[in-house]
Amino acid sequence: MFRPLTLILVLCLYVSVLFVIALWGERGSPLARRLTRSPLVYSLALAVYCTSWTFYGSVGSAATAGPLFLTIYLGPTLAVILWPKVLRKLVRIKNAHSVTSIADLISARYGKSHLLAAMATLLAMVGILPYIALQLKAVTGTFTQLTPPAAGASWMVRNVGSIVVALMTIFSVVIGARRLDATERHEGLLLAIAVECVVKLAAFVTAGIFVTFTVFHGFGDLFAQLERSQFRTLLDTGRGSLPGIYQYLSYLVLAMSAIQFLPRQFHVAVVENSSERNINTALWLLPLYLLVINIFVIPIAAGGLLTALPASADSFVLGLPVRAGRVGISLFVFLGGVSAATGMIIVESLAVATMITNHLLLPVFEMTGLVFLRRFLLRIRWAAVAGVLVTGYLFEQAIGSSYTLVNMGIISFAAVLQFAPPILGGIFWERGNRRGAMLGLGAGALVWFYTLLLPSFVKSGWLSPRLLAEGPWNIALLRPEHLFGLTGLPPVPHAVFWSMLVNVGLYVVASLATERNETEKRLAESFVGILSDTRAHPSNEGQRTVEVAAKLPLMEELLHQYFDRFESNEIIARCQTAVGILEQERITVAALARLYAELERVLAGSIGTAPAHRAVRQSLSYTAEEAQQLTQVYGEILAELKVSPADLESRIDYYQERNTLLQAHATELEEKVAELKQAQEELRRAHDQLETRVEERTQELKASNELLTAEVVERKRAEADFARSNAELEQFAYVASHDLQEPLRMVASYVQLLERRYKGQLDKDADEFIGFAVDGAKRMQTLINDLLAYARIGTRGKAFNPIDTEKAARAGAANLRVAVEESGAQIIYHSLPTLRADATQLAQLFQNLFGNAIKFRSQAAPIIGVWAAYRDKEWVFSVTDNGIGIDPQYSEHVFRLFQRLHTRTAYPGTGIGLALCKKIVERHGGRIWVESQIGQGSTFHFTIPEREEATDDRDEGKSDRDLAGGGQPG
Amino acid sequence: MRKLSTVLRQHAFHLLLLFLALVAFIKPMVLATGNERPGRVVLELFVPWALVIVVLFLVGRSDDTPDPAAAQEEPEQD
């Protein structure tokens, strides 16, 4: 028995030694480098497969289930037989694609799918975290076994788990997660793990030799005693019973898968592989290791049983030396158990932490906008390591002795078995695609959970036993351990059967039913044919057209998202060196493609293939010219590929098809260019035609303009002639009227004198004749007066001064006082405005309009209304009456000179009145018109424009005078 | 010897070895009667296991496939 402090010190000392070994291995001295890269260390490190489950559990399993435990080690031997093909492929894929974990491998194969990587990570987490708890449980259990019962209450014994977790976290972070690039080998870590594997083998063999040759007298004695004892059936293989065989076979299958697809196994075998040649040694050394460590399992189990060791069979390995009081052997065995547990804990936590960081946290950062956290990826990975270990410890504390945890080893194996179809299918079957892998993996994981993990929860007492006995909702067909009525299989074979049936079935069916995209096809071809990849490069890569300086900032910007400036530049320089273009200013486009690929590969080593692929695709690109050059280079690579005829044919078919598509696309583009050219030509032609037409039209317009100008000149001349003629005529009328007035007055006076003196003295005819003469003279006088008044409008007008138009209207009405009184007419004035006009002429205008209204009255007494409204800078006057009205067809006719609508006898007059009105209005620059219906009265409208200042009548009437021939008053 | 190496390198041989090993490992389970002596069962499992390891040793020795990754790192070792 040891004091707890002693054991803790021994534990710390042992871990310190491992730490020193690991640091020595990391420093990279020539000896350390040779050692760490040796196949011996690689093969021994692969024995991390043997955990405390092996160290302690195998004996326990042998004591209770006979040779079944051997399947866990025979299975790896069977799997190793295929390693020359399988593991070599995986290693080469890892080197080509910088694969960092098993989830990364699956993601990289199936289109670099983030979702698939996340699914694999989750499955690994669920399957592995309790397995880590199992290791911690073994360490704490053996610690208790080596300390006296009285020490159980001490702080150290109670917290040994925490101490181990702390030590393992420091060890894992310092040795295993010092760098971000997870694909970089951790030589020190590998060396330390190999040493641990040697220690645990040596410790177990020591315990076995002690039991076999000290407690007993060799194998013969041991087996003889066993045969005679009640434990004779220890090696009973089940007498060929079918359930036993199913169990045996399923364990073999699980172990075959586990040796390759447990995250820690994948990490050591693939990620930490420094040379494919190391596989040749691992081929025989790992199975040999497994064989040796198992030689003494049955003797120790038999020894424990035969000596009636009171403890659990799992503790026989340590219990036998302890009971014999062999302190040294006991301590050595304790360290062997610690080695078995810690080796697994360190590598598994690193592998799972890498998966969690790259495939769960990184995508979450990018989705939630926390991209700045990418700069702290290494620290986050440290936290993930600690998180995995602490979670494992909490599991151990919470469910330490449950059925679930005790059986977690085989449950974990069944979980990682789900990785087998997508991985093996991915490296051997090109047709396998992302949908198939996703469906198969997802469904397989669900079936594993339902048929194996869920029953373990029931057996741990966390769920009702009715779930197993009766199925959910009492549906017997859904009983987790007898799914769809399959009752002949023990739980593990049952789970393996259904999960594999679903996983493989969906993987194959979905892969066959759905098409792969171009990326998947390329990756599938690369993965499946990785061993025959000759990596041919074209002999002529073309001109060095790419400026490296132009590309460097893009690469720096990309890397700076994850690394500091110094590291970013270092990585770029490393990639340039790897591609062979260091310090070159201009490179070929093929070299640029290799540089991008190398950068993606290196970045994938830190953040995983899928995130690296996406990051490179988003940040680094080719110009159109570079892409074209790259296509040519690829064509040359194709030509220089040396592959089998069948493969070449299939590849040529693929590229021919692609080339055909590209040619078709090029032809289509050429046609479009030709169409564009034709359209351009037609456009140019149309433009020319348009210009010609415009020119012709311009000439026509010029000719028309000249013609129009000539016509205008002619018209002006005609107008001038007309005006002059009009003026002369007006002058003639005025002069004639004026000169005719005197003789006419004389004729009229003497005729009237004759009438007064001789009326009734002559005969009747003479009186009548004299009456005719008097009447004619009067009418002639009236006519001449009207004509004079008409002529005077243009020649005797006054200046336009502000006048009250109502006064003018009333003045006009006053001149008709007699007629108004006789007819009983009523004139209504509606607030008429003050404006600039000729007051006399305006009064005459109103007088004529009122006179007309009275003259052409109906039976009723005339009612005359006058009002005005201001519209568009002019005053509109309206004079309305209730007279006999005018036929609308004569609405313009009435304003003409000497035009009459009635006979003189019906309505006397000269036919000058309205013509005079029109002339007055026009002299003022306005218009006049009439609206009327027969029998409904008439409304005469005329406009007078508003004027700002007074103007001389001659100026104002200039246009009128012009129209009148510019004549002057005589 | 060269012919043997050629055979051992073949993938088909690996498949044959897998099949034979599987049969050898399953045989004691299938054909057990329950009257075997404990030592015999152990021998029936461990001897084929050891034989498989010997053959795997020969397979490992026979491999002469070049290692691209190691070839790239060789100058670094100098």
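Described below are features of the structure shown in this document. Quick caveat: nothing in here was measured; it's all calculated off a predicted structure. (Residues numbered from 1 in each chain as written. Chains lettered and ligands numbered in written order. Predicted model: local features only at pLDDT ≥ 70, side-chain atom pairs only at ≥ 80, totals over all residues. Heavy atoms only, no water.)

### Some remarks on the overall build of chain A
Part 1: Each helix and strand in chain A was counted, giving 39 helices and 9 strands.
Part 2: Relative to its 970 residues, chain A shows a buried fraction of 51%.
Part 3: When contacts within chain A are restricted to residue pairs at least 6 apart in sequence, long-range pairs at least 24 apart make up 80% of them.
Part 4: Accessible area for chain A stands at about 44,300 Å²; split by element, carbon and sulfur atoms hold 59% of it. (Helix = DSSP H or I, 4+ residues; strand = E, 2+ residues; numbered from the N terminus. Buried < 20%, exposed > 50% of the residue type's maximum accessible area, 1.4 Å probe, protein only. Contact = heavy atoms within 4.5 Å. Areas by Shrake-Rupley, 256 points an atom, 1.4 Å probe, with all protein chains shown as cover.)

### So, unusual backbone geometry
Negative phi values dominate among residues other than glycine, just as trans dominates among peptide bonds.
Residues and elements named next belong to chain A.
Part 1: Positive phi outside glycine occurs at K112, with the angle close to 55°.
Part 2: Positionally, K112 belongs in the loop between α7 (102–109) and α8 (114–146).
Part 3: For K112, a relative accessible area of 12% translates into the label buried.
Part 4: The backbone phi angle of W473 is positive, close to 55°, even though this residue is not glycine.
Part 5: In this fold, W473 is placed in the loop between α24 (466–470) and α25 (491–513).

### Thoughts on the pattern of salt bridges
Residue and element names in this part refer to chain A.
Part 1: For the coordinates displayed, the defined rule picks out 23 salt bridges over all chains.
Part 2: Measuring nitrogen to oxygen at the nearest pair gives 3.3 Å for the salt bridge that ties E470 to R466. Of this pair, E470 and R466 are both found in helix α24, 4 residues apart, which corresponds to roughly one turn of the helix.
Part 3: Its relative accessible area of 32% is what places E470 among the partly exposed residues.
Part 4: Put simply, R715 and E719 hold a salt bridge, and the shortest N to O gap is 3.2 Å. Linking R715 with E719, this pair stays in helix α32 (residues 645–758), spanning 4 residues, or about one helical turn.
Part 5: What makes R715 exposed here is its relative accessible area of 56%.
Part 6: On the accessibility criterion, E719 (41% relative accessible area) is partly exposed. (Salt bridge = Lys/Arg side-chain N within 4 Å of Asp/Glu carboxyl O.)

### Some points on the nonpolar core
Part 1: Of all hydrophobic cores here, the largest spans 194 residues; its most connected members are A:Y49, A:W83, A:I300, A:F419 and B:W49.
Part 2: In terms of residue count, the dominant contributor to this core is helix α18 (residues 327–367) of chain A (18 residues).
Part 3: Each residue touching A:Y49, except ones within four places of it in the same chain, is listed here: A:T54, A:I72, A:Y73, A:P76, A:A255, A:A258, A:I259, A:L262, A:R264, A:Q265, A:L290 and A:F413.
Part 4: A:I793, A:A813, A:Y829 and A:A837 belong to the second largest nonpolar core, which has 41 residues in total. (Core = buried A, V, L, I, M, F, W, Y, C linked by side-chain atoms within 4.5 Å.)

### With respect to helix α21 (residues 408–417) of chain A
Part 1: Of all 10 residues that make up α21(A), 10 are buried, and the element is covered over most of its length.
Part 2: Along α21(A), the residues classified as buried are A:M408, A:G409, A:I410, A:I411, A:S412, A:F413, A:A414, A:A415, A:V416 and A:L417.

### Things to note about the packing of aromatic side chains
Aromatic ring pairs: the centre-centre distance and the angle between the two ring planes describe each pair.
Residue and element names in this part refer to chain A.
Part 1: The final tally for this structure, using the stated rule, is 27 aromatic pairs over all chains.
Part 2: Measuring from ring centre to ring centre gives 6.5 Å for Y829 and F850, while their planes differ by 75°; the resulting arrangement is edge-to-face. On the criterion of sequence distance, the pair formed by Y829 in strand β4 (residues 826–830) and F850 in helix α36 (residues 839–855) is long-range, its members being 21 residues apart. No difference in accessibility class separates Y829 from F850, as the two residues are buried.
Part 3: Among the aromatic residues, those joined into a ring-pair cluster are Y49, W53, Y73, Y131 and F413. (Phe/Tyr/Trp six-rings, centres within 6.5 Å; stacked < 30°, edge-to-face > 60°.)

### A word on the pairing of β4(A)
All names here are of chain A.
Part 1: Covered by surrounding structure in β4 are I827 and Y829 only, the residues Q826, I828 and H830 on the alternate face being uncovered.
Part 2: Pairing analysis gives 5 bridges linking β4 to strand β6 (residues 863–871), with the strands arranged parallel. By the bridge assignment for β6, H830 is matched with W867. (Pairing = 2+ DSSP bridges.)

### So, the environment of A:V91
Residue and element names in this part refer to chain A.
Part 1: With respect to the helices and strands, the residue V91 is situated in helix α6 (residues 86–97).
Part 2: A relative accessible area of 0% means that V91 is categorised as buried.
Part 3: Sequence separation between V91 and V270 is 179 residues, and the spatial gap between their C-alpha atoms is 5.1 Å.

### So, the packing of helix α10 (residues 160–176) of chain A against helix α11 (residues 187–215) of chain A
Residues and elements named next belong to chain A.
Part 1: At a minimum axis separation of 8 Å, α10 and α11 run at an interaxial angle of 135°. In terms of orientation, α10 lies oblique with respect to α11. Contacts between α10 and α11 pair F171, I175 and G176 from the former with G188, L189 and A192 from the latter. (Axes fitted to C-alpha atoms, helices over the stretch in contact; angles between N-to-C directions. Parallel < 35°, antiparallel > 145°, perpendicular 65-115°, else oblique.)

### What to know about a nonpolar patch on the surface
All names here are of chain A.
Part 1: Taken together, the side chains of I209, F213, F219 and I295 present a nonpolar region at the surface, about 320 Å² in accessible area.
Part 2: Turning to its location among the elements, F219 is positioned in helix α12 (residues 218–228).
Part 3: Using a relative accessible area of 31% as the deciding quantity, one classes F219 as partly exposed. (Patch = residues over 30% accessible without salt bridge, like charges linked within 9 Å, V, L, I, M, F, W, Y side chains within 5 Å.)

### Let's talk about the sheet that holds β6(A)
All names here are of chain A.
Part 1: Spatially, β4-β6-β7-β9-β8 is the arrangement adopted by the 5 strands of the open sheet, whose pairing is mixed. Edge positions in the open sheet fall to β4 and β8 (928–932), since each of these has one partner strand only. The sheet shows a mean angle of 20° between the axes of neighbouring strands, taken without regard to direction.
Part 2: Relative to strand β7 (residues 874–880), β6 runs antiparallel, the two being bridged by 7 bridges. Opposite A869, over in β7, you have V876 as the bridge partner.
Part 3: Against the sheet, helix α34 (residues 805–814) contacts β4 and β7, and its axis sits at roughly 170° relative to β4.
Part 4: Those strands touched by α36 are β4, β6, β7 and β9 (938–945), and its axis lies near 170° from that of β9.

### Focus on helix α26 (residues 518–528) of chain A
Residue and element names in this part refer to chain A.
Part 1: Within α26, the full set of buried residues consists of E520, L523, A524, F527 and V528. Along α26, the residues classed as buried sweep out an arc of 120° about the axis, all on the same side.
Part 2: Contacts made by the buried residues of α26 are with α6, α7, α22 (420–428) and α23 (434–459).
Part 3: Capping the start of α26, N517 holds a side-chain oxygen 2.7 Å from the backbone nitrogen of E520, two or three residues further along. (Arc of directions from axis to C-beta. Polar contact = N/O pair within 3.5 Å; in protein donor to acceptor, adjacent residues only side chain to side chain.)

Read these as layout, nothing more, since geometry by itself doesn't imply function.
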